[in-house]
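# Architecture and fold: a report
What follows is the residue order along each chain.
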Amino acid sequence: METAEIRRRWLAFFEKNGHTVVPSAPLIHDDPNLLFVNAGMVPFKPYFLGQQTPQWDRATSVQKCVRTQDIEEVGKTSRHGTFFQMNGNFSFGDYFKEGAIRLAWELVTTPQDRGGYGLDADRIWPTVYEDDDEAFGIWRDTIGLPAERITRRGKLDNYWHMGVPGPGGPCSEIYLDRGPEYGREGGPAVDEDRYLEFWNLVFMQEELSEVRAKDDFDIARPLPKKNIDTGMGLERMATLLQGVDNLYEIDEVYPVLDHAAELTGTRYGAHSGHMVSESHPDDVRLRVVADHVRSSLMLIGDGVTPGNEGRGYVLRRMLRRAVRSMRLLGYEDPCLPELLPISMERMRQSYPELETGFERIAQIAYAEEEAFRRTLAAGTTILDTAVSRTKEQGGTTLAGAQAFQLHDTYGFPIDLTLEMAAEQGLEVDRAGFTRLMQEQRERAKADARAKKAGHANTEVWRDLRAIGATDFRAYHELTSEATVLGLVVDGERAEEVEPGQRAQVVLDRTPFYAESGGQIADEGVITADGVHLKVLDVQRPVKGLIAHTVEVVTGPLRAGSSVLAEVDPEWRLSACQAHSGTHVVHAALRQVLGPSALQSGSYNKPGYLRLDFAWGQALSAQTRSEIEDVANLAVRKDLPVSATYMPLPQAREIGALALFGETYDEDVRVVEIGGPWSRELCGGTHVQHSSQVGALTLTGESSVGSGVRRVEAFVGIDALRYLARERAIVAELSGLVGARPDELAERVGAMVARLKDAERELERARREQVAAAAGNLTDRARDVNGITFLGHDAGETGADDVRTMVLDLRNRLGGDRPSVVAVTGAAKGRPVVVVATNEAARGRGIRAGELVRVAAGALGGGGGGKDDIAQGGGQDVSKVADALAAVEWRVGELAG
């Protein structure tokens, strides 16, 4: 049975049994504690935590999930994978243990020709929590299983909680006996390879007050409503129903693995079997490829783009691990164009949007592979040099500074450095690398802490949310009379705030727009008798609640006070112009470049916007001009702007574009500019007619990642100010060069050409001067134990000129006799040294790379290179004489 059919039967079965089918949430979820959705219940968490009231008593879903904490283990065993799908059925105060167990038993044992999964009832082994007599009795008395096939297990195995105070309860896991060829008999407690778990039924019945560990927690009280949360691993069930050993061999994964094996001439499974404990390296690499290609497909499909932080870094790491695994298997050509379409073909049956969006997905993935191939070529050479040097010096650990340089300068990820160093028998000073990374990130973390100050204590916000949702009036009002529901200082509730304090204020209603969807928060004031608060930021710490970060100018302000909240009208007008301008630019991009130029992120603030979109190459000046023209024509047409609420399926049906990575409710807000010309899901504030955007001018276009470009623009008065500045610059330059504005480009071009000619002439004269100086130096060469050695300090001379001088001197000394030339120079106060040897010297075992390290050490730096010529540098220019002396001494030592 194909995986897509298993999925279809799941949803059909539970829909027939009164469950509402809830579509999978995107892998990027609105949860600050998660990079990705990592369990089927994550989208339902607010209901289980009591933060929201569910709109159904019963629900079912097949949720996309990604777990990355074991990414290094992927492929080493047949169990670990990153992307997976979790089938779930949920009850919110409706049925409980007996209902969950009955439904599970019916679905898995109903014959396949009657819509079930058709598992052999005699091979099913459930487990229950050690003192859950109720669940044990249901399995034994209601379902009819013999008691010896029902296993009681402790908290580590059969009690579920979220790792934090909140709901929890015992669970019942369902296993299938795969037979003696997979291991020992005796049930799940004896062998979890032979007895494979495929479904977990969680009975949420208690509220936990303290959680110290998986098996160490305190139960506060029974939950007022008992809930059911179950999870069946779709890949696990596919493994069982398709009669294969593991998830890598199911129909959605194996075709990629099989084609990778074909491309590399590798035979998968040649060294494996059911009882083999350690996988062959080739099998590991093929599994890494199959898993990471599918996971990358799904992540890019949900709007993740490769980057150096957070989600983007995880995606980049997966893509690069897949590419490098193929290279280690001997495949040097680009591999993603071969493998990604195969994964899409298998996954589109369940996720048809992958096919419609594949052009964008492929563009991003292929660009990342190409960038990584360039990085790999440069970084591998540098890493090999560092590894060789470490080994020559008798070391076993690569310095953290070298690992950081590879990461920071060359884009070589630390995990790849760790892997490649390990392959050559070295460890990496991970602690040193981490320290350097920490220093680099400190400012960013400080910014993030400032942004989220006071939002860490979620309990405070949950308590305030329990009072009621904030009445959000930003779409229709700039001022609102309101009541202070709560004050928060440093993450804790406060009754009063004083002048000079910074605090968060929660009102029962607000006209302030809270930052979201790329639009920054409104600015303004909150006032009352004797109270003046400056609003600095507005955020949603939990869904439905709006918190205003304020600076108390005058006060004090007490909780329960009546206040007037006022948005700065100029700020709001400019913000509306920028957000509507973003939609206009997005529509213009798609009109000029085609439908694959989809927005992947945006940011707008009063007067300014930037928009990231899927595109693999830089835009020409002509294309940028065309996009700007299309956008301004739309502004001039005075197109109507409207916002309408509708169900999400209806919005998709009419072609409304969703921003990748955003999570949407069942009812969504669709913003239209000119009807179908621009139709997007959006919660931002907008103008009423496109003409109110005002002037719009593109100011820049650049790359922000593989397959992702960024355009920036000013709108309204800010666009006019920008153009005025540009005009002033043009006028000033025209006056300086004595040309009309329309002649300026030609005149400046001619001046630049003449300047380049003059620079080339100066360079030629400098080379002649260096050569002339070199001609007078050969007489100063002296014999050092049979080696002709020439050392010279060239003074204020750059590295290129020093290198030219060294090569010229080596040639002048000839090749009959072993010769070594060492020349130092200095540029901007930093010393440089170049050493060259001729073939006869190298025959005596004298190598330039070793000598330059001796010189660089004296200068307080480092260096390296080939045996015939090498270059280094340092910190202390006063030590050049010592450096040359050290080289001469080492030459004598080697020659002697």
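Residues numbered from 1 in each chain as written. Predicted model: local features only at pLDDT ≥ 70, side-chain atom pairs only at ≥ 80, totals over all residues. Heavy atoms only, no water.

### Some words on the overall build of the chain
Our working definition: Each helix is a run of DSSP H or I of at least 4 residues and each strand a run of E of at least 2, with the numbering of both proceeding from the N terminus. Note on contacts: a residue pair is in contact if any heavy atoms of the two residues lie within 4.5 Å. Values of accessible area rely on a 1.4 Å probe in the Shrake-Rupley scheme; residue burial ignores everything except the protein chains shown. In this tally, Asp and Glu contribute negative charge and Lys and Arg positive charge; neither His nor the terminal groups of the chain are included. Taken as the charge location is NZ of Lys, CZ of Arg, CG of Asp or CD of Glu.
In terms of helices and strands, the chain carries 25 helices and 35 strands. A principal-axis box enclosing the C-alpha atoms of the chain has dimensions of 105 × 75 × 55 Å. Here the contacts in the chain between residues at least 6 apart in sequence split such that 68% fall between residues at least 24 apart. For the chain, the accessible surface area stands at approximately 40300 Å², while carbon and sulfur atoms represent 47% of it. Distance between charge centres in the chain, computed from 102 positive and 133 negative side chains, equals 3 Å.

### Side note on the packing of aromatic side chains
This is how it is decided: Each Phe, Tyr or Trp ring, with Trp reduced to its six-membered ring, pairs with another whose centre is within 6.5 Å; inter-plane angles below 30 degrees give stacked pairs, above 60 give edge-to-face pairs, and intermediate values give tilted ones. We call a residue buried when its accessible area falls under 20% of the maximum for its residue type, exposed when it is over 50%, and partly exposed in between, using a 1.4 Å probe and counting protein chains only. Cation placement over rings: the criterion is NZ of Lys or CZ of Arg within 6 Å of the ring centroid and within 35° of the ring normal.
Under the defined criterion, the tally for this structure stands at 25 aromatic pairs. Ring geometry for Phe 13 against Phe 14: centres 5.0 Å apart, planes inclined by 85 degrees, an arrangement best described as edge-to-face. Judged by its relative accessible area of 7%, Phe 13 is buried. The exposure class assigned to Phe 14 is buried, which follows from its relative accessible area of 0%. Relative to Tyr 722, the ring of Phe 714 lies with its centre 5.5 Å away and its plane at 45 degrees, an arrangement referred to as tilted. A residue is classified by how much of its surface remains accessible, and Tyr 722, at 17% relative accessible area, is buried. What links up through ring pairs into an aromatic cluster is the set Phe 44, Tyr 47, Phe 48, Trp 56, Phe 90 and Phe 92. Across the ring face of Phe 217, the terminal group of Lys 155 is positioned such that the distance to the ring centre comes to 4.9 Å.

### A few points about the sheet that holds strand E24 (residues 608-614)
Each strand in a sheet pairs with its neighbour through backbone hydrogen bonds, running either in the same direction (parallel) or in the opposite one (antiparallel). Rules: Only when DSSP finds a minimum of two bridges between them are two strands counted as paired. Axes here mean lines fitted to C-alpha atoms, for a helix over just the part in contact, with angles spanning 0 to 180 degrees between N-to-C directions.
Strand order in the open sheet formed by 4 strands is E23-E24-E29-E28, with antiparallel pairing between adjacent strands. The open sheet terminates on both sides in strands that have one partner only, identified here as strand E23 (599-605) and strand E28 (696-705). Within the sheet, the average angular offset between the axes of one strand and its neighbour, ignoring direction, is 15 degrees. With 6 bridges joining them, E23 and E24 adopt antiparallel strand pairing. The residue bridging Asn 604 from the neighbouring strand is Leu 609, located in E24. Contacts from helix H17 (residues 569-593) reach E23, E24, E28 and strand E29 (708-715) within the one sheet, and its direction differs from that of E24 by about 30 degrees.

### Points about the environment of Ile 787
Note on placement: Ile 787 falls in strand E31 (residues 787-793). Along the backbone, Ile 787 and Arg 844 are 57 residues apart, and their C-alpha atoms lie at a distance of 9.2 Å. Sequence-distant contacts of Ile 787, defined by excluding residues within four places in its chain, comprise Arg 782, Arg 817, Pro 818, Val 820, Arg 844, Ile 846, Val 891 and Ala 895.

### With respect to the nonpolar core
Basically, it comes down to this: Here, the term nonpolar core denotes a set of buried Ala, Val, Leu, Ile, Met, Phe, Trp, Tyr and Cys residues that are joined through side-chain atoms within 4.5 Å.
Core analysis: the largest hydrophobic core is formed by 110 residues, its most contacted members being Trp 139, Phe 198 and Trp 199. Contact partners of Trp 139, with chain neighbours within four places excluded, come to Ile 101, Trp 105, Pro 126, Val 128, Gly 144, Leu 145, Ile 150, Ser 172, Ile 174 and Leu 201. If you look at the next biggest cluster of nonpolar residues, it comprises 30 residues, including Leu 611, Leu 639, Val 671 and Val 693.

### Here we look at the pairing of E29
Taken together, the 7 bridges between E24 and E29 define a ladder with antiparallel strand orientation. Note on E29: the bridge partner recorded for Leu 611 is Val 711. Note: E28 against E29, 8 bridges, orientation antiparallel. Bridge pairing in E29 places Glu 701 opposite Val 711.

### Things to note about the environment of Glu 355
Inclusion rule: Any pair of nitrogen or oxygen atoms within 3.5 Å is treated as a polar contact; in protein, a donor-acceptor pairing is required on top of that, and neighbouring residues in sequence qualify only through side-chain atoms on both sides.
Within the secondary structure layout, Glu 355 lies in helix H11 (residues 353-356). In this structure, the C-alpha to C-alpha distance between Glu 355 and Glu 626, residues 271 residues apart in sequence, is 29 Å. Filtering out sequence-adjacent residues up to four positions away, Glu 355 remains in contact with Met 344 and Arg 348. At a separation of 3.4 Å, a polar atom in the side chain of Glu 355 contacts the side chain of Arg 348.

### Considering the packing of helix H9 (residues 310-328) against helix H12 (residues 358-392)
To characterise two packed helices, one gives the angle between the axes of the helices and the distance between these axes. Cut-off, in case you're wondering: Working rule for handedness: look at the near helix, and if it is turned counterclockwise from the far one by less than a right angle, call the crossing left-handed; if clockwise, right-handed. In the scheme used here, Gly and all other residues not listed as nonpolar or charged are polar, with Ala, Val, Leu, Ile, Met, Phe, Trp, Tyr, Cys and Pro taken as nonpolar and Asp, Glu, Lys and Arg as charged.
Contact geometry of H9 with H12 gives a least axis separation of 10 Å together with a crossing angle of 65 degrees. Crossing geometry of H9 relative to H12 is assigned as right-handed. Between H9 and H12, the residues in contact are Arg 316, Leu 319, Arg 320, Val 323, Arg 324 and Arg 327 and Ala 365, Glu 368, Glu 369, Phe 372, Arg 373, Thr 375 and Leu 376, respectively. In the contact of H9 with H12, the residues fall into 5 nonpolar, 1 polar and 7 charged.

### A few points about helix H14 (residues 414-423)
Residues Ile 414, Asp 415, Leu 416, Thr 417, Met 420 and Ala 421 constitute the buried set of H14. With its phi angle positive at about 80 degrees, Gly 425 sits one or two positions after the end of H14.

### A short note on helix H25 (residues 880-895)
As a reminder, the rule being used: By definition here, a helix of n residues has an expected span of 1.5 Å times n minus one.
End to end, H25 covers 23 Å across 16 residues, agreeing with the expected 22 Å (1.5 Å per residue, within 8%). Three or more residues of H25 are buried, namely Val 880, Ala 883, Leu 884, Val 887, Glu 888, Val 891, Gly 892 and Ala 895. Contacts made by the buried residues of H25 are with strand E30 (782-784), E31, strand E32 (819-827), strand E33 (830-837) and helix H24 (848-859).

### Comments concerning unusual backbone geometry
In this structure, the amide linkage connecting Gly 555 to the following residue, Pro 556, adopts the cis form with an omega of 10 degrees. The topology assignment puts Pro 556 in the loop between strand E20 (547-554) and strand E21 (557-558). The backbone of Asp 490 sits at a positive phi, close to 50 degrees, despite the residue not being glycine. Of note in the backbone geometry, Asn 785 takes a positive phi value of approximately 50 degrees without being a glycine. By the element assignment, Asn 785 lies in the loop between E30 and E31.

### Let's talk about the sheet that holds E33
What the 6 strands build is an open sheet, ordered E30-E31-E32-E33-E35-E34; its pairing is mixed. If you trace the sheet from one side to the other, it starts and ends with E30 and strand E34 (862-865), each paired once. Between one strand axis and the next, the sheet turns through 25 degrees on average, direction left out of account. Bridge count for E32 against E33 is 8 bridges, and the pairing is antiparallel. Bridge pairing in E33 places Val 821 opposite Ala 836. Sheet strands touched by H24: E32, E33, E34 and strand E35 (869-873). Its angle to E33, the strand with the most contacts, is close to 160 degrees.

### Topic: the confidence of the model for the chain
Heads up, the rule is: As a per-residue measure, pLDDT reflects the predictor's confidence and takes values from 0 up to 100.
Per-residue pLDDT for the chain has a mean of 89; in total, 95% of the residues score no lower than 70. In the predicted structure, residues 444-456 sits below a pLDDT of 50 and forms 15 contacts with residues beyond four places in sequence or in another chain.

### Focus: the pairing of strand E18 (residues 524-528)
For a regular strand, the rule is simple: side chains alternate between the two faces of the sheet. Sheet topology places E18 next to strand E19 (residues 531-539); 5 bridges connect them, and they run antiparallel. Bridged to Ile 526 within E19 is Leu 533. Taking the residues that link successive antiparallel strands as the turn, the E18-E19 hairpin has 2 residues, and the phi of Gly 530 there is positive, at about 75 degrees. The pairing of E18 with strand E22 (residues 562-567) spans 4 bridges and is antiparallel. Across the sheet, the residue bridging to Val 525 is Glu 566, located in E22.

### Describing the pattern of salt bridges
Our working rule: Should a side-chain nitrogen of Lys or Arg be within 4 Å of a carboxyl oxygen of Asp or Glu, the pair is scored as a salt bridge.
Tallied over the full model, the rule gives 44 salt bridges. The salt bridge partner of Asp 251 is Arg 346, with a shortest N-O separation of 3.1 Å. Within this pair, whereas Asp 251 is found in the loop between helix H6 (234-241) and helix H7 (254-264), its partner Arg 346 is found in helix H10 (residues 336-347), the two being separated by 95 residues in sequence. On the basis of relative accessibility, which here comes to 14%, the residue Asp 251 falls in the buried class.

### Points about the side chain of Ser 819
Relative to the elements of secondary structure, Ser 819 occurs in strand E32. Reaching out from Ser 819, the side chain makes a polar contact with the backbone oxygen of Arg 817 at a distance of 3.0 Å. Here Ser 819 is in contact with Thr 788, Leu 813, Gly 814, Ala 836, Thr 837, Asn 838 and Ala 841, once residues within four sequence places are set aside.

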